[in-house]
Each structure stands twice: as structure tokens, then as C-alpha cells.
Amino acid sequence: MADYKSTLNLPKTAFPMKANLAQREPQMLKRWQEMNLYQMMRDARAGAEKFILHDGPPYANGDIHLGHAANKILKDFILKSKVLSGYDAPYVPGWDCHGLPIENRVEGKIGKAGVKVDHKTFRQKCREYAAKQVEGQKKGFVRLGMQGDWDNPYLTMNPQFEADIVRALGKIIEKGHLVRGFKPVYWSVVGGSALALTEVEYQDKTSTAIDVRFKTVDQADFLAAFDDVSGEGDVSVVIWTTTPWTLPANQAVSMGPQLDYVLVQTELNAGVERLVLAEALLEDAVSRYGMENYEIVGRCKGAVLENKLLQHPFYDKQVPILVGDHVTTEAGTGSVHTAPDHGMDDFVVGQKYAIGTMNIVGPNGVYSDDVELFAGEHVYKVDAKVCEVLKENNALILEKQFEHSFPHCWRTKTPLIFRATPQWFIGMEKQDLLKDVLEGIKKVQWFPASGETRITSMAEQSPDWCISRQRTWGAPLALFVHRETEELHPRTPELIEQLAQLIEKDGMDIWFDLEPETLLGDEAKDYQKVTDTVDVWFDSGVTHYAVLERREELQFPADLYLEGSDQHRGWFQSSMKTAIAMHGEPPYKQVLTHGYTVDQEGRKMSKSLGNVVDPHTVINEMGADILRLWMSSCEYSAELAFSDEIAKRIADSYRRIRNTARFLLSNLNEFDPATDIVAPQEMLALDRWAVSRAQALQDEIVDIYNGYQFHHIYQKLHNYCILDLGGFYLDIIKDRQYTCKADSLARRSCQTAMYHIVEALVRWLAPITCFTADEIWQEIPGERDTTVFTAQWYEFPAMPADETGMDDDFWQQVITVKNAVNKVIEGVRNDGGIKGSLQGEVTLYCSENWQNLLNRFEDELRFVLVTSKADVKPWQETGVETEVEGLRVVLETSQHEKCERCWHHREDVGSHSDHETLCGRCIENVDGDGEVRRYA
């Protein structure tokens, strides 16, 4: 018997079916590092237009988590796609290295600065800890396949960067934006430092809510302000607060000038009395107090009570009624306990009435020794005692536990207090900075577009930005202040530059060690150093100056900032504010944000829930390309869901894409594009369409990459591999590729198409599944760059217009017919009628339109439908009805012998004495000139 297998063009490739990504990727990373891939990519685009994606610095503390991985992968998608588009896209990674979490970690190991160790040693230990964290995170990011200048990242603790923090402060001072003020700021009792609005997050907290009587001092004068007053009993204004600990600092009660107030006679826990309540909140109060009998005995506007005096509920002092528009009827009683030390609204209205602050709570949250009744008490623990004192003074109407959203420090996760302290601020109203910031936001393109609304609403509420911190591990607020006037030294800009040069050489410790005489000479006796550190959001907020403007390969402004959606209140704002303050323009042209990582049920990942996914685990088990493909599948502006089930689904998609690439490569075995490629006008119709389809898809994909909608690319790649290629084109050409003569036009035509397709496909994949793409690249025949990452989008040959009318619309209709026939075949096969489609012969009963279309294939229709025979006949009500109008299908099992070589069942098998097991077509391909194909 003859060996016909050797006459077939069977697929062959070194590209393995099994990916083994977890084992193979580290080897590829080593190769990339040895060849200095990042520099190769830069060199390949030397002189080209730059695209700058500026890296927002992750905090140098702890291992990378899934959110980190998602962020870096998204950035790498963009950077690699920009290189493919011809841009020079340098990437300088960075880390945020100062701040409280590192300070707390080091304090836990070696003790408190200034107590267990000196400050200089403490700062050095912080530096060492941060450096170790950077190295650990860097390894994790590199393992993701991300290319960048990993050997030269920017670190906010580097001396040059610390010097530029000081310089940036100097520039902001020169522009007139720095102010010093004694006002309430968010204060972390645990951290012992002021916080900016960007460092505040809201969590649920159970507080003690109380309703308290403030009795009138001159009852007759007070009642005279009411209309038609009557009734009996003492008169009190009732306040409602969820911070009983602030009552020792009470200095007034605020009311809404245009609000309607009622005088209500009732009997609660103090006998018959009259209470002043906002009319809009009366029903709430009635319900809350359980007032069974009450009567309105007077009415007035809040404005007429201005400056009336009330008795403090437990101190021997009188406090005035103030009026302000900050008083609303959303909750409470319509009258607000006012302590300028502990609330911004309170502070502002206090300023209006020349009421200052008392400063009775220390940085550790403890009342000072001269505070009557509560000296030495901690504000976190004093609420119960305050309530007892109120009861003793018959001032407490109601005490109730109240769960509400409350500001917490997003570092320590502990509740915050408002505390009036002297701090340094970037004034948002001074010099119209806030107005300019809001204008700057409008100039930026936001992805998604809702990001503009989000950051605008947050920025509009921006108070002055408190940039001073009372910490050890941070860049210094390097200022000299006059001991008496508290004014900045008149030569501050000059002194800042002198100091910055010293910091560049010796690091920030030089400031803390510096004797003022070194810079000030004889003036030193009149000035003192500011010992505060700078808010870490200022550190990262000036990276546009310390990195973009400093690194030769970068430029200001950046084309893109990309971070999680929480940075609308964080880095995006601090960067915008400092850039506008320094330069008058935004630091970025575009901003893209992504959501949080959640589990399959939409729950935010947290250790307490046990639903955290470690990216290292996924990489070690499945490979980084699976994680990257997952990220491409996410609609990232929403939450990013990940779970074992999702990972398995992504792995299935990956296998489909990989197997498609493998099929293409295995059928390009011994194909040399230099000699074997077929000119477009000579290619078969189906092959010309396949190339045109790939080119059209590439145009779509490039547009999508430019619009950052990567999940659409994932969907298109997935569908292309399954439907256009696997379900149609590759399914049809297998016969031609395997059975036609090796160097025939029919075979070389489809190889040419596959070559163009794989050249394009590998580039589409390169930004997403970077390891797999470079692996594919090495197996594509022909001369090429060393790596896919220095290539540009594939340049397809121009396809001539199809004179036969077999354009894309034609082939889309053919796909519709093929899918309908496949369903019929699949149904019969599932019932055991036939084993495979080549065992079947089909007759298509068609409307005239379908007849005209399908008859163009002549005898080649059977190759399109992958059946041994295919006839087209006029419409009859016979056979299986399909979903396609005007098409019915009759499927019969072929009664002819199967050709040993092509597996088609043909009537001429066995009729040739020299090749008894072959059909005539195969004999022509084995011994003759080879069959001729025109269409498929």
C-alpha cells in the first residue's frame, strides 16, 4: 500500500500547544533583560514624537496586590501600543517613600524617634525600610512583563527629589499661594499630625448623639423676639451633636437667619418647659423625644435671635447666638453647637463674630490640664463623662447611639477630629487658585468622561490645602520664620535654592542638622526654623516638576496620568493644584481611571473577608499573560472582578487565541515570504477577503487602543479567533493547505494570507499578552526585528477590488449560510447519523438570491461547507428549515468510498488502478500538475 501521508502538507511548528507560561515567562524575562529590551524599544523610536505616561507613585510599603497589578498592566497596554503606533514612549516608574505608614513600621521595630533613637537614625532606618520595599515591589512589577527604566526609577526620598520638593515649595511661595493660619484641620490623634482633605476617607462609625438644652440668660428679652408668645416654663435652645467631647470648647450656638423656629411647650425630663426648635424639624424632634403632649406657643425667624445670650450647659459662662447660612434642616434641631476649634463652619462663623479658638485639646487628643472637669481626659473616651455632667446639670434631653459615616485617616484607619492648630496652607481662594484649578480641569480629557464631574465636585469643595505635617519621616518644610512677626524671611526664594543645593548633596537631614547661622549669619537670632514636614501628597503632587521636567527623556505636561478612581481626591488633585500654582497649566492632557478589584460577587477584596487574590499566586500557577488577558477583558472604569472561576474562563480564552496562532504558524512551515508570497491580485478570492478582513480589524483595534477601551479589543480578538478564523476561514482552507501541491498557487495563496494575518495578530496581542506575542514572533518566518516590541502596526499589502463581486458583504452572507448548514450537520451528528461533515452530502434549496450567490463557487462550494458534495437547487419546501430565510437543507450520508488522502467521499475513489484509494483530485495533486482553485 502506498504511503500517501508523506504527500500531504502537514502542519509543523516549534511553537508548543501547551503554554507552560509560569515556567516559560521567567526565561523570557531573563532574555529581555539581557538584551536590554526597554532600551531597544527606546532606540527604535529615537527622534520620534514622544508619548509620556507619567507613573503615579505607589506607596513603598508591603507586597504588590491585585490592584497594583491591574494598574501597571493597564499602563503597559498603553505604552506598548504607543510604540507600535510609532511613538517614543519612555516609562519612568516611581515610588512614594515618605509618610506615616513607613514611620509606624520603623517605630514598631526600633522605637519612637527622639525617645528610643535619635531622629537622624530614625530617618535613616525609614530610608532603608522604604528602599527594601521598593525592591520587593519592583520585582513584582517586572514579573508582570512591564517594560520601563526599572534601574533608574524616581523615589521621593532621593536627595535630588527632596531638593526639588523644597524648590517646588519655593516657586509656590513666589507665586503668593502659601499662607499660615490657625484654623481647624483634620487631625489624626493616632498619627499626631494634621491631614489634608485628600487623606480623609469615610467609614461607618457609631457615635453618641445627644440633644442638649442651652437655657436663655435673659428670658424676657429672649421671648420678646417671638410673635404671639405664650406658655410657661424655662426657655432653652436645643442643639443636637454627635461629638459630645467638643462641648467643653463650645463658644456659641448658630442658627439659620431665614429658618423658621417655633417655641414648643412640653413636659420631658425637666418638668414644664419651652424649647426652641426649627419648625421643619419639629416632627423629628417629637418622635425622637417621645413628646406626647406639646404645643407651639411662639414663632420667629432665626435672624431676630442674633446675639441673644445662652447659658453654657455645664460651665459658668454665657455664649451668644450667631446666625449663618451653614445651618440647615437636614438633621438635628436647626440650632448648631459651635466650637471654632473643632469645625470649619464653626471657625468661619466664629471669625465673622470675632470669636477665636481655645486650643484646649493637645496633639495626642488629650484635654489640657486647665480644662475644667475634663483635664487629662482623651477625647475618644470622654463622651460618657460629658453626658453624665450634662445629666447632673439637667441639660441632657436625649442620649442615643447613632451610626453614621465619619471621617477616618486613610492610613491609620482611625477616626479623625477637627482641631485648630497653626499650620501652613496653600490658599485656594488667594490669588484665585481654586478658580484656575477648575478651569484647568476643563482643559483635560477624562476617561471615563464622568471623571471630570467627579474631580470637579471634589475640587469645588476644596478648603485651603494644609501641607504641613508634624512627622519625622518626611521632606522638610524648609522655611525660616521671624520669631516675633511670624513672617517668612524676605530672602526665602534665595534661601530655598541654597538649601536645595545642600539637600541634593547630603539629603534632607541637612535641614534638620542645619544651624540657622549657616545661611542667615547674624540674622539667625531673629528667625527660627520650621520643623514641620511636608504633606506626602505634596511630594507626589510635584512629580510633574521633580520628574517630568527633570528627566531628559520626559516632558511637561504629560500626555496621560492613569490611576485608580480614588485619585480624583488624591494625586490628580495634588498634581493639578501644584502645577496650576507653579505653572498656570495642568500637568496632564488626559486622565484615565480604573475601579477597585472585587471578587466575583462584587465585594471589595479585603483580608477580613478572605477574598484577596495574590497576583503572585496567579502568576506562579497560570502565568502573567493570563493576568494581563484578564485585565484586557475588564471594563476597567467599573469594578474589576476576579476569582478562580473568572481566571479559568480567561485561561480558556487564552488557549483559543494561542491555538489559533499555533495553527497559523504550523501551516507556515517552510514558507519563505521572500520567495513564496503571492501578489494580492493573484490570490484566491477567499484569501483576499481574509487579508482584507484582518486589515479592517486592525484599523478598528488601533482606534480602540488609542481610545483605551481594551475590553473591546479582547472581545474582538476572541471573536476573530473563534468565528472569523476558527469557525470559517481556517476551517475552509485546511483541505487546500494540506492536500494541494506544496508549491501550488492554491496553497501559497492561503499561506500568504496566513502570513499576513499572523504578522498582524502578533502585534495586536503584543501590548496585552506580551510574553505570548514575543514567543509567536520568534516563530514567524522571514527577516524581522529581534522582538515584536520594536515593530509597528503591520502594513498590509493593498488588496485590489474584487471584480467577481466577492467583497466583504458577499463573504458575510456566505458565513451566514455556512453557519446554518453547520447547525444542520451538528444536529445529525449529535443524533449519530454521521461521524463528520465530510461524510455528508448537502443539497441547498434556495431562493433566487441565494442561488445566484452560492452558484458563484461552482464546484468549490463543497470546500466552503466542508462536505463531500454540495448542490444548489431552486427553492422547495423540503429538508430542514434554517434560520436563514429562503434556505432549506437536505443532508444525506454519502454512499461513496472515502479518499484515503483527503477523506472526501467521492464517486471516483477506487476507479484509478495506480491509486485505488484516492479520488481523482488527490491523484492530480500527487502525480499531476495539481488541482486548480479559484475561490476557496
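Nothing here was measured: the structure is a model prediction, and the numbers come from that model.

Visitor: Quick question: what am I supposed to make of helix α3 (residues 66–84) here?
Guide: The α-helix winds at 3.6 residues per turn, so residues separated by three or four positions along the chain end up facing the same way. Along its 19 residues, α3 runs 27 Å from first to last C-alpha, staying within 8% of the 27 Å computed at 1.5 Å per residue. With 19 of 19 residues buried, α3 is to be regarded as a mostly interior element. Of the residues one or two after α3, Gly86 is the one with positive phi, at around 95°.

Visitor: Sorry if this is basic, but what is going on with the pattern of salt bridges here?
Guide: Here the idea is simple: oppositely charged side chains can pair when their charged atoms come close. In the structure shown here, the tally under the stated rule is 58 salt bridges. Measuring nitrogen to oxygen at the nearest pair gives 3.2 Å for the salt bridge that ties Lys138 to Glu135. One end of the pair, Lys138, and the other, Glu135, are both in helix α5 (residues 119–143), 3 residues apart, so they sit about a helical turn from each other. A cluster of three or more residues bridged by salt bridges with shared partners is formed by Asp164, Arg167, Glu497, Glu504 and Arg550.

Visitor: Help me out: how do you make sense of the side chain of Thr533 in this one?
Guide: With respect to the helices and strands, Thr533 occurs in strand β22 (residues 533–534). In contact with Thr533, not counting residues within four places along its chain, are Ile467, Ser468, Arg469, Arg471, Thr472, Gly474, Ala475, Pro476, Leu477 and Phe512.

Visitor: Sorry, what's going on with the pairing of strand β27 (residues 840–846) here?
Guide: When a strand is regular, its side chains alternate between the sheet's two faces. Burial of β27 is extensive: 7 of the 7 residues sit out of reach of the surface. Where burial is concerned, the two faces of β27 agree: the one with Gly840, Val842, Leu844 and Cys846 and the one with Glu841, Thr843 and Tyr845 are both buried. Bridge count between β27 and strand β28 (residues 869–874): 6 bridges; the pairing is parallel. For Glu841, the partnering residue across the bridge sits in β28 and is Lys869.

Visitor: Sorry if this is basic, but what is going on with the packing of aromatic side chains here?
Guide: Both the distance between ring centres and the angle between the ring planes are used here to describe each pair of aromatic rings. Here the structure, examined in full by the defined rule, presents 35 aromatic pairs. When the ring of Phe222 is compared with that of Phe226, the centres are 5.8 Å apart and the planes differ by 45°; the resulting orientation is tilted. Side by side, Phe222 and Phe226 carry an identical accessibility label, which is buried. The rings of Trp689, Phe728, Phe810, Trp811, Phe857 and Tyr935 are connected pair by pair, giving a single aromatic cluster. A cation over a ring is seen here: Lys72 above Phe141, with NZ or CZ 4.8 Å from the ring centre. The ring centre of Trp777 lies 4.6 Å from the NZ or CZ of Arg784, which sits over that ring.

Visitor: Where do I start with the sheet that holds strand β1 (residues 53–54) in this structure?
Guide: What links the strands of a sheet is backbone hydrogen bonding, and the strands pair in either a parallel or an antiparallel sense. Across the sheet, 4 strands lie side by side as β1-β23-β24-β17; this open sheet has parallel pairing. Each edge of the open sheet carries a strand with a single partner, namely β1 and β17 (445–447). Two strands pair when backbone bridges link them, and β17 and strand β24 (residues 588–594) are joined in this way by 3 bridges, in the parallel orientation. In the strand pairing of β24, Gln445 is matched with Gln590. Of the strands in this sheet, β1, β23 (558–564) and β24 touch α3, which is tilted by about 155° from β23.

Visitor: When you look at the nonpolar core in this model, what are you seeing that I'm missing?
Guide: Considering soluble globular proteins, one finds that nonpolar side chains tend to be buried as a cluster. Membership of the largest hydrophobic core comes to 155 residues, with the highest contact counts inside it found for Leu627, Trp630, Met631, Tyr729, Trp764, Trp811 and Leu844. With 12 residues, helix α24 (residues 710–739) is the largest single contributor of residues to this core. In this structure Tyr729 touches Leu686, Asp687, Trp689, Ala690, Asp724, Cys750, Ala753, Met754 and Ile757, once residues within four positions along its chain are discounted. Residues Ala459, Leu519, Met576 and Val591 belong to the second largest nonpolar core, which totals 63 residues.

So, how was this worked out
Residues numbered from 1 in each chain as written. Predicted model: local features only at pLDDT ≥ 70, side-chain atom pairs only at ≥ 80, totals over all residues. Heavy atoms only, no water. Helix = DSSP H or I, 4+ residues; strand = E, 2+ residues; numbered from the N terminus. Expected span 1.5 Å × (residues − 1). Buried < 20%, exposed > 50% of the residue type's maximum accessible area, 1.4 Å probe, protein only. Salt bridge = Lys/Arg side-chain N within 4 Å of Asp/Glu carboxyl O. Contact = heavy atoms within 4.5 Å. Pairing = 2+ DSSP bridges. Phe/Tyr/Trp six-rings, centres within 6.5 Å; stacked < 30°, edge-to-face > 60°. Lys NZ or Arg CZ within 6 Å of the ring centre and 35° of its normal. Axes fitted to C-alpha atoms, helices over the stretch in contact; angles between N-to-C directions. Core = buried A, V, L, I, M, F, W, Y, C linked by side-chain atoms within 4.5 Å.

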